[in-house]
Amino acid sequence: MKLLRLILMATVLMAAYIAVLAVAVIPYGWVVALGLALGMARKKKPKLSAHGTSRYAITADMPHMLDAPEGSGVILGHTEEKIGKREGVKALFSRRLPAKQAVRRFLASCQRKKSRHLVQLTKAVHIAGFAPTGVGKTSSLVLPHLLTCPDSMAIVDFKGELVRETAAARQRMGHRVAVLDPFNVVGGKDTFNPLDWIDKDSRTALDDCRDLAAAMVLRTGEDKDAHWSDSAELWITAMIAMVLAHGEDGKKSFQTVRRILTKPDAMQDAMRVMCESEAWEGMLARYGNQLTHYKDKELGSTITTTNRHLKFLDTLAIADSTKRSSFNPSELLSGKMTIYLVLPPEHQRAQSSLLRLWIGSLLRAVIKGGLQDQRKVRFILDEAASLGHMEQLDDAVDKFRGYGIRLLFLYQSLGQLKVCWPKGQEQTLLSNVTQVFFGVNDPETAEYVSKRLGQETILVESGGSSSGRSTQHSQQGSNFSYSSNTNYNWAQHGRSLLQPSEVIALPERLAITFTPGVPPIATWLARHYENDFRADQGIRLWKAIFDTACLFISVTILAALITAALVDLITK
């Protein structure tokens, strides 16, 4: 392609040489050239900016997102555009574009039909998709991404659909596939005990225990008194640490923690062991001493709150799924691994704490790998509102980029953000993610999209005409008069690219994406079952070679003929 690019650049330069010679050789050629220049100048529309310059992105705005290598990012679908000759020449001489893309873009500008491009979010860090149920979040965003992206992934799968559709494809990519499926939705046999992966001799073991407790204590942001949630988190942390430090090998699991917290005698024994413990340089004893301060009604209310947060463990399915581990979560970073987190919709609410525990543990496993950005680990959080507010996700959005973590949140509307990001924290999310909207069906989201699109400046024309006649009679004769008037006015006005009602009326497969540094992107979504989400290869190599040869030979012959004519004219 580099050779083709050089040949085409030479062809363009020869075409410019021909234009100069034509003006010199053809009589009154300069008149023709001047006329063409004036015609092009009139054809170019004036740029209006009095009320805003918002517009949709064109291919020149996002060359890095077009027809990128497979798996480069979340697929937004396709865009079509007729590339002008000027844009084609700019692409050919642009140093930012690789030879392959520059050649194909230039040759496409020489064709009459529109060019079709696959758009991928190649530079996006975190992404939030907003679409109501049933319009294709899974088939348009998730499934194409799973079928093409080679990075390690952890995927929330409430129906088991993603396992059925993509597990075999992920295995063919060389991935170790683990399916956490405690309710046997798809027959997954993997199990996971987060305590297996905490080193009790580590100086950060207590921090890991605290992170696990925080994941299981759901804070809605509407609690009247945070004391009870804080106390529950303290008790859960302390009991996890006690089991980790002094529990029997083979029985260090959340089921043991749960048994202690539901049995008063066992709880008192555990507190006594903690108070006498030297683990972690006496830090565990501090936890034990803190627990002894809880008395009477405060103790009863605290234990009630603690048990409320841990009641998800009281099923045989969850007990079997959390007693031991069948895989090492650190493989997400050290190798190629895909982990499916499968919960049936009927247990989605009751087991939200289990889902939070899984996600928090996997995030922590990746972070332990240290700062790096070479290996990406992607978390796909379908129905993210079901997670509630998670402090680990707060940190992941604005702090964990350097660890290779990439998040894809899927919501049904902007209104769901208030559940997961209380007290105005939804703005933190929106400011740190690329936003994808399609199938919008509620006024709040439509209003937001309309405002984000911004205003363009349009011309509003007005005018009219009037005429009249009059006749006067007198003894001296008749007088006749006639008058007419025509006026034409125009003014610049601002208009939203799309009104909220127009956003709601858009086809459900038309996605609008807001990503930093690029105007709003409008794309037609690709469905996984249409198998139309592979990168468009554009003009094939043999066709590019043929077209380049034809252009070069034609221009060369024409340049030779005009040069000969000019030489003949000079010699005469």
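Residues numbered from 1 in each chain as written. Predicted model: local features only at pLDDT ≥ 70, side-chain atom pairs only at ≥ 80, totals over all residues. Heavy atoms only, no water.

By the naming in an unreviewed UniProt entry, the protein goes by Conjugal transfer coupling protein TraG and is assigned to Fimbriiglobus ruber. In the Subcellular location (unreviewed entry) part of its UniProt record, the protein is described as follows: "Cell membrane". Quoted straight from UniProt, the Sequence similarities (unreviewed entry) entry for the protein says "Belongs to the VirD4/TraG family." (UniProt positions renumbered as here; feature names shortened; annotations may be inferred.)

**Section: the packing of aromatic side chains**
As enumerated under the stated definition, the model contains nine aromatic pairs in all. Between the aromatic rings of Phe 130 and Phe 437, the centroid separation amounts to 4.9 Å while the plane-to-plane angle is 10°, which identifies the pairing as stacked. Placement of Phe 130 in strand E3 (residues 126-130) and of Phe 437 in strand E9 (residues 433-437) is noted, with a sequence separation of 307 residues between them. According to the relative accessible area criterion, Phe 437 is buried, its value standing at 1%. Judged by centre distance (6.1 Å) and plane angle (10°), the rings of Phe 409 and Tyr 411 are stacked. By relative accessible area, Phe 409 is classed as buried at 1%. Feature note: the residues Phe 130, Phe 409, Tyr 411, Trp 421, Phe 437, Tyr 448 and Phe 514 constitute an aromatic cluster, connected by ring pairs. Here Arg 452 stacks its cationic end above the ring of Phe 514, 4.4 Å away from the centre of that ring. (Phe/Tyr/Trp six-rings, centres within 6.5 Å; stacked < 30°, edge-to-face > 60°. Helix = DSSP H or I, 4+ residues; strand = E, 2+ residues; numbered from the N terminus. Buried < 20%, exposed > 50% of the residue type's maximum accessible area, 1.4 Å probe, protein only. Lys NZ or Arg CZ within 6 Å of the ring centre and 35° of its normal.)

**Points about the state of the cysteines**
Where two cysteines share a covalent bond between their sulfur atoms, that bond is called a disulfide. Scanning all chains against the criterion turns up zero disulfides. With no disulfide of its own, Cys 209 has Cys 275 as its nearest cysteine by sulfur position, at a separation of 17 Å. (Disulfide = S-S within 2.5 Å.)

**With respect to a nonpolar patch on the surface**
Side chains of Phe 552, Ile 553, Ile 557 and Leu 561 sit close together on the surface and give an oily, nonpolar patch of about 380 Å² of accessible area. Mapping Ile 557 onto the fold places it in helix H21 (residues 541-571). A relative accessible area of 48% means that Ile 557 is categorised as partly exposed. (Patch = residues over 30% accessible without salt bridge, like charges linked within 9 Å, V, L, I, M, F, W, Y side chains within 5 Å. Areas by Shrake-Rupley, 256 points an atom, 1.4 Å probe, with all protein chains shown as cover. Salt bridge = Lys/Arg side-chain N within 4 Å of Asp/Glu carboxyl O.)

**Considering the packing of helix H7 (residues 205-216) against helix H15 (residues 352-367)**
Where H7 meets H15, the axes come as close as 8 Å, and the angle between the chain directions of the two elements is 145°. Every pair of crossing elements has a handedness; the one defined by H7 and H15 is right-handed. Counted together, Asp 208, Asp 211, Leu 212, Ala 214, Ala 215 and Met 216 of H7 and Ser 353, Arg 356, Leu 357, Ser 361 and Arg 364 of H15 form the full contact between these two elements. (Axes fitted to C-alpha atoms, helices over the stretch in contact; angles between N-to-C directions. Left-handed = near helix turned anticlockwise from the far one by under 90°. Contact = heavy atoms within 4.5 Å.)

**Quick look at the UniProt feature "transmembrane region" (unreviewed entry) in the protein**
UniProt annotation of "transmembrane region" (unreviewed entry) refers to residues 6-39 and 544-567 when read in the numbering used here. Across residues 544-567, the secondary structure splits into 100% helix and 0% strand, with the terminal C-alpha atoms separated by 34 Å.

**As for the side chain of Thr 523**
Within the element layout of this structure, Thr 523 appears in strand E13 (residues 521-524). You can call Thr 523 buried: its relative accessible area is 1%. A distance of 2.8 Å separates the side chain of Thr 523 from the backbone oxygen of Leu 76, its partner in a polar contact. Apart from the residues within four sequence positions on either side, Thr 523 is in contact with Leu 76, Gly 77, His 78, Val 119, Arg 509, Leu 510 and Ala 511. (Polar contact = N/O pair within 3.5 Å; in protein donor to acceptor, adjacent residues only side chain to side chain.)

**Examining helix H6 (residues 161-172)**
Within the sequence span of H6, burial applies to Leu 162, Val 163, Thr 166, Ala 167, Ala 169 and Arg 170. Buried-residue contacts for H6 involve helix H5 (137-148), strand E4 (152-157), strand E5 (176-180) and strand E6 (337-342).

**Notes on the nonpolar core**
Residues Met 239, Phe 379, Phe 409 and Tyr 411 are the most contacted members of the largest nonpolar core, which totals 95 residues. A per-element tally of this core places helix H8 (residues 227-246) first, with 11 residues. Taken domain by domain, the makeup of this core includes at least three residues from each of domain 2 (126-191 + 325-432) and domain 3 (196-313). Counting residues in hydrophobic clusters, the runner-up holds 35 residues, among them Ile 155, Leu 408, Ala 511 and Ile 521. (Core = buried A, V, L, I, M, F, W, Y, C linked by side-chain atoms within 4.5 Å. Domains from an automatic or database assignment.)

**A look at the pattern of salt bridges**
Per the counting criterion, the structure on display carries 24 salt bridges. We note a salt bridge from Arg 219 to Asp 230, for which the minimum N-O separation is 2.8 Å. On the criterion of sequence distance, the pair formed by Arg 219 in the loop between H7 and H8 and Asp 230 in helix H8 is long-range, its members being 11 residues apart. Arg 219 gets classed as buried once you look at its relative accessible area, which sits at 19%. The exposure class of Asp 230 is partly exposed, given its relative accessible area of 41%. Glu 233 serves as the salt-bridge partner of Arg 219, at 2.9 Å between the closest nitrogen and oxygen. Linking Arg 219 in the loop between H7 and H8 with Glu 233 in helix H8, this pair joins segments that are 14 residues apart in sequence. Neither Arg 219 nor Glu 233 differs from the other in exposure class; each is buried. Taken together, the salt bridges that share partners define one network made up of Asp 208, Arg 364 and Lys 368.

**Quick look at the side chain of Gln 120**
In this fold, Gln 120 is placed in strand E2 (residues 115-121). Relative accessible area serves as the criterion here: at 1%, Gln 120 is assigned to the buried category. Among the polar contacts listed, one links the side chain of Gln 120 to the backbone nitrogen of Ser 72, at a separation of 3.3 Å. Engagement of the side chain of Gln 120 in a polar contact is seen with the backbone nitrogen of Gly 73, the distance being 3.4 Å. Other than its neighbours up to four places away in sequence, Gln 120 contacts Met 65, Ala 68, Pro 69, Gly 71, Ser 72, Gly 73, Val 74 and Ile 75.

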